[in-house]
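Residues per chain are reported as follows:
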Amino acid sequence: MNSIQLTTLNNGITIVHRQVQHTEISHLGIMLDIGSRDELDNEQGLAHFWEHLAFKGTQKKNNMQIINRLEVIGGELNAYTTKEKICFHASVLSPYFERALELITDITFNSTFPSKEIEKERSVILEEMSMYYEAPEDAIQDDFDELLFPNHSLGVNILGTNETVNSFKKKDLDAFIARNLDTSRIVISSIGKHSHDKVFRWAEKHVGQIPVKRNQVKRIAPPSMFPSERITKRGLNQSHVALGSQSYAIKHPDRLAFFMLINLLGGPSMNSLLNVSIREKRGLVYSIEANFTSYVDSGFWAIYFGTESNQVNKSIKLIHKEFDKLKDRSLSPAQLLKIKSQLKGQMAMAEESNLNFMLMMAKSLLDREKIETIEEIFEQIDFVSSEQLQRLAQEMLQSEQLSYLIFEP
């Protein structure tokens, strides 16, 4: 990837840029290695609260000036919070790159969190929480996190609770940022037609004067889970089911192979094993998906589906039948080649999105201290064997190791 270069400023902030000549759009973002898992118990939801409040006023701009800064030139400004990251990002026509960089720098480092805006945004977030609760396909994923990571910050809903969100004040935001902000754990990532030298000069201009900040944040790894089952009564027309367990961290050597196994089971393709068995052949569900998420020190995999209440047990038995097939016999060379080609195609298409690639570069540098080329990833995929996939199925798809969460009408 000769088109990707990076530099580190004196304050520790890393700048990475991928030059792409054939586009008129620039994507850029500031990603901080801070997330909801870094909150104290009384701070649940505070990282997400910060994400919202950052847009409400800085030392130089009020709320409307922030909103209009990129909108008037057809650009987009956005942000998101995860368990381990906060990211502010923008997409603009290339001539407005520096304008966008100045804005996201301003909202990241100079937000003032006006009291009036805190009260307004509190109501917005409480409404967002109500919307999630009323969407069972979203709510079950959040609740399943709690089942997999009990009494740990990875099991806490990113949005927080009504009690904590209602308690937040400006001093809480200031304290959270002061405790967690570390300039060596910040990456500014961008993709566009501008040269690396020009992007680095702009970054030095707008970010270079930010003071050095160091915090030795220690994230406590979650303990191993004990399988459990929970049935929750909800005002629904059908049952929603989640099942899965803890799994591999980001740097675990089996991570990619296990991702391939989960993709085979219930990835986005219509020919996934579970979609074919449970939807296409028997029509028991509208959709069924399997996913795998890795954190720096842990991870989890899960299967989600909704069905009529009298079909829940049948659907779960069919899922275990697919597990048994993967455990009992290894894939043939033709099957292995097929799933490798499918995964490579999915990854290649995902890389075509410059926005996604920009975000991936930042996350990869924070989590793995490197950016792997797609060719390197393809080589790792090629190295995965049928025997490795069968071993992982035998280790991870054991029924006695799984937790279950069911929303029943």
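Remember, predicted model here, so these are calculated numbers, not experimental data.

## Looking at the sheet that holds strand β3 (residues 25-32)
One open sheet accounts for six strands, arranged β1-β2-β6-β3-β5-β4; its pairing is mixed. A single partner strand is all that each edge strand has here, and the edge strands are β1 (4-8) and β4 (76-81). For this sheet the average axis-to-axis angle between neighbouring strands, irrespective of direction, equals 15°. As paired elements, strand β2 (residues 14-19) and strand β6 (residues 186-192) share six bridges and run parallel to each other. The partner of His 17 across the bridge, within β6, is Ser 190. Along the sheet, helix α3 (residues 97-109) makes contact with β3, β4, β5 (86-93) and β6, crossing β3 at roughly 20°. Along the sheet face, helix α8 (residues 196-207) touches β1, β2 and β6 and points at about 150° away from the line of β2.

## Section: the packing of aromatic side chains
Both the distance between ring centres and the angle between the ring planes are used here to describe each pair of aromatic rings. The full count for this structure, using the stated rule, is 13 aromatic pairs. Arranged with centres 6.4 Å apart and planes meeting at 80°, the rings of Trp 50 and Phe 176 form a pair that is edge-to-face. Taken together, the residues Trp 50 in helix α1 (residues 46-53) and Phe 176 in helix α7 (residues 170-180) connect sequence positions 126 residues apart. In terms of burial, Trp 50 and Phe 176 fall into one category: buried. A centroid spacing of 6.4 Å and a plane angle of 80° characterise the contact between Phe 144 and Tyr 304, whose relative ring orientation is edge-to-face. Of this pair, Phe 144 sits in helix α5 (residues 136-148) while Tyr 304 sits in strand β10 (residues 299-307), and the two are 160 residues apart along the sequence. Aromatic ring contacts, followed pair by pair, group Tyr 248, Phe 258, Phe 292, Trp 301 and Phe 323 into a single cluster.

## What to know about the environment of Asp 254
Mapped onto the fold, Asp 254 is located in the loop between β8 (239-246) and α9 (255-266). By relative accessible area, Asp 254 is classed as buried at 10%. Considering only alpha carbons, one finds Asp 254 and Asn 166, 88 residues apart in sequence, at a separation of 42 Å. In contact with Asp 254, not counting residues within four places along its chain, are Tyr 248, Gln 388, Arg 391 and Leu 392. Polar contacts involving the side chain of Asp 254 include one to the side chain of Arg 391, which spans 3.0 Å.

## Some words on the side chain of Ser 94
By secondary structure assignment, the location of Ser 94 is in the loop between β5 and α3. Overall, the relative accessible area of 2% leaves Ser 94 in the buried class. A polar side-chain atom of Ser 94 sits 3.4 Å from a polar atom in the side chain of Ser 26.

## Here we look at the packing of α9 against helix α15 (residues 386-396)
Two packed helices can be described by the angle between their axes and the distance between those axes. The N-to-C vectors of α9 and α15 enclose an angle of 80°; their axes lie 10 Å apart at closest approach. Relative to α15, α9 is oriented roughly perpendicular. Contacts between α9 and α15 involve Ala 257, Phe 258, Met 260 and Leu 261 from the former and Gln 388, Leu 389, Leu 392, Ala 393 and Met 396 from the latter. Of the residues belonging to the contact of α9 with α15, the class tally is eight nonpolar, one polar and no charged.

## Concerning the pairing of β2
Judged by how many residues are buried, β2 sits mostly within the fold: five of six residues are covered. Connecting β1 to the next strand, β2, in antiparallel fashion are five residues, including Gly 12 with a positive phi near 100°.

## A closer look at the pattern of salt bridges
A full pass over the atoms with the stated rule returns 31 salt bridges. Glu 24 is the partner of Lys 193 in a salt bridge, and the nearest nitrogen-oxygen pair spans 3.0 Å. Linking Lys 193 in the loop between β6 and α8 with Glu 24 in the loop between β2 and β3, this pair joins segments that are 169 residues apart in sequence. Residue classification places Lys 193 among the partly exposed residues on the basis of a relative accessible area of 29%. Glu 84 is the partner of Arg 37 in a salt bridge, and the nearest nitrogen-oxygen pair spans 2.8 Å.

## Describing the sheet that holds β10
Pairing is mixed in the open sheet, where five strands are placed in the order β7-β11-β8-β10-β9. Since the sheet does not close on itself, it has two edges, and those belong to β7 (229-233) and β9 (288-294), each with one partner. Pairs of neighbouring strands in the sheet enclose a mean axial angle of 15°, with direction left out of account. Where β8 meets strand β11 (residues 403-408), five bridges bridge the pair, whose relative direction is antiparallel.

## Here we look at the pairing of β4
The two faces of β4 differ: Leu 77, Ala 79 and Thr 81 on one face are buried, but Glu 76, Asn 78 and Tyr 80 on the other face are not. Pairing analysis gives six bridges linking β4 to β5, with the strands arranged antiparallel. In the sheet register, Asn 78 faces β5, and the bridge partner there is His 89. In this antiparallel pair of consecutive strands, β4 and β5, the connection spans four residues.

Basis of the calculations
- Residues numbered from 1 in each chain as written.
- Predicted model: local features only at pLDDT ≥ 70, side-chain atom pairs only at ≥ 80, totals over all residues.
- Heavy atoms only, no water.
- Pairing = 2+ DSSP bridges.
- Helix = DSSP H or I, 4+ residues; strand = E, 2+ residues; numbered from the N terminus.
- Axes fitted to C-alpha atoms, helices over the stretch in contact; angles between N-to-C directions.
- Contact = heavy atoms within 4.5 Å.
- Phe/Tyr/Trp six-rings, centres within 6.5 Å; stacked < 30°, edge-to-face > 60°.
- Buried < 20%, exposed > 50% of the residue type's maximum accessible area, 1.4 Å probe, protein only.
- Polar contact = N/O pair within 3.5 Å; in protein donor to acceptor, adjacent residues only side chain to side chain.
- Parallel < 35°, antiparallel > 145°, perpendicular 65-115°, else oblique.
- Nonpolar A, V, L, I, M, F, W, Y, C, P; charged D, E, K, R; others polar.
- Salt bridge = Lys/Arg side-chain N within 4 Å of Asp/Glu carboxyl O.

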